[in-house]
Amino acid sequence: MSLYFNVFFFPFWWVSEVIGLQLKYPVLQDFYKFIIITIVILMTLIEIIRLYLGYMGNLQEKVPELAGFWLLSLLLQLPLILFLLLNEGIEILPLERAVHIVFTLFLTFEVAVAFMTLKRMVNHLATRFHMRQFDDVEDLRPVQGNRETNVLWGTGIKT
């Protein structure tokens, strides 16, 4: 559910970030100008990929996509948004602080839920894999039919 709301929240975050960047760009130091522009571009690209992987992993029950979503969230998005939220050198505007707090809450919740979902999904798929091995054992049972003929297990040869 958080992923669903994040899809609608992301364009609002992006617009507020671009507007905030335009307002504070003249007062920023040169290296902060470069860093913020780079972070906004990276976060935009990562967020699009991350949301796609989250939807595919969740709706189609695909472990690699959901694991990619979790790793992108934990290792890339969370540190970048925390930098934008906590670094006072970038002249954080009140709108930016509010939007970054909401984005951080979404990310934190999604990381926790994605980890639990991945754990359950892997356990479920492992159980299904082991149960599929029992289906192969059932194919080796003797064929029920004529009681007069004996059938060797799995061969179909009558004795």
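Summary of the structure given here. All values reported here derive from a predicted model rather than from experimental measurement.

**Some words on the packing of helix α1 (residues 2-24) against helix α2 (residues 30-59)**
Closest axis-to-axis distance for the α1/α2 pair is 11 Å, and the angle between their directions is 170°. Relative to α2, α1 is oriented roughly antiparallel. Contacts between α1 and α2 involve Leu3, Tyr4, Asn6, Val7, Phe10, Trp13, Trp14, Glu17, Leu21 and Lys24 from the first element and Ile36, Ile37, Val40, Met43, Thr44, Glu47, Ile48, Arg50, Leu51, Gly54 and Tyr55 from the second. In the contact of α1 with α2, the residues fall into 14 nonpolar, three polar and four charged.

**Quick notes on α2**
The terminal C-alpha atoms of α2, which comprises 30 residues, lie 44 Å apart, in line with the 44 Å expected from a rise of 1.5 Å per residue. Where α2 ends, the next residue or the one after it, Glu61, has phi of about 55°, a positive value.

**What about the side chain of Lys33?**
Within the secondary structure, Lys33 is located in helix α2. Not counting the four nearest positions on each side in its chain, Lys33 is found in contact with Tyr25 and Leu28.

**Describing the pattern of salt bridges**
Applying the stated criterion across every chain yields a total of five salt bridges. Lys33 is the partner of Asp30 in a salt bridge, and the nearest nitrogen-oxygen pair spans 3.8 Å. Taken together, the residues span about one helical turn, with Asp30 and Lys33 both in helix α2 at a distance of three residues. By relative accessible area, Asp30 is classed as exposed at 60%. Arg50 is the salt-bridge partner of Glu47, the closest N and O atoms lying 2.8 Å from each other. Linking Glu47 with Arg50, this pair stays in helix α2, spanning three residues, or about one helical turn. Its relative accessible area of 0% is what places Arg50 among the buried residues. One continuous salt-bridge network, built from bridges that share partners, spans Glu47, Arg50 and Glu110.

**Describing the packing of aromatic side chains**
Applying the stated criterion to the full structure yields nine aromatic pairs. Aromatic rings pair up to connect Phe9, Phe10, Phe12, Trp13, Phe103 and Phe106 into one cluster. Between the NZ or CZ atom of Lys33 and the centre of the ring of Tyr25, over which it lies, the distance is 4.7 Å.

Parameters at a glance
- Residues numbered from 1 in each chain as written.
- Predicted model: local features only at pLDDT ≥ 70, side-chain atom pairs only at ≥ 80, totals over all residues.
- Heavy atoms only, no water.
- Axes fitted to C-alpha atoms, helices over the stretch in contact; angles between N-to-C directions.
- Helix = DSSP H or I, 4+ residues; strand = E, 2+ residues; numbered from the N terminus.
- Parallel < 35°, antiparallel > 145°, perpendicular 65-115°, else oblique.
- Contact = heavy atoms within 4.5 Å.
- Nonpolar A, V, L, I, M, F, W, Y, C, P; charged D, E, K, R; others polar.
- Expected span 1.5 Å × (residues − 1).
- Salt bridge = Lys/Arg side-chain N within 4 Å of Asp/Glu carboxyl O.
- Buried < 20%, exposed > 50% of the residue type's maximum accessible area, 1.4 Å probe, protein only.
- Phe/Tyr/Trp six-rings, centres within 6.5 Å; stacked < 30°, edge-to-face > 60°.
- Lys NZ or Arg CZ within 6 Å of the ring centre and 35° of its normal.

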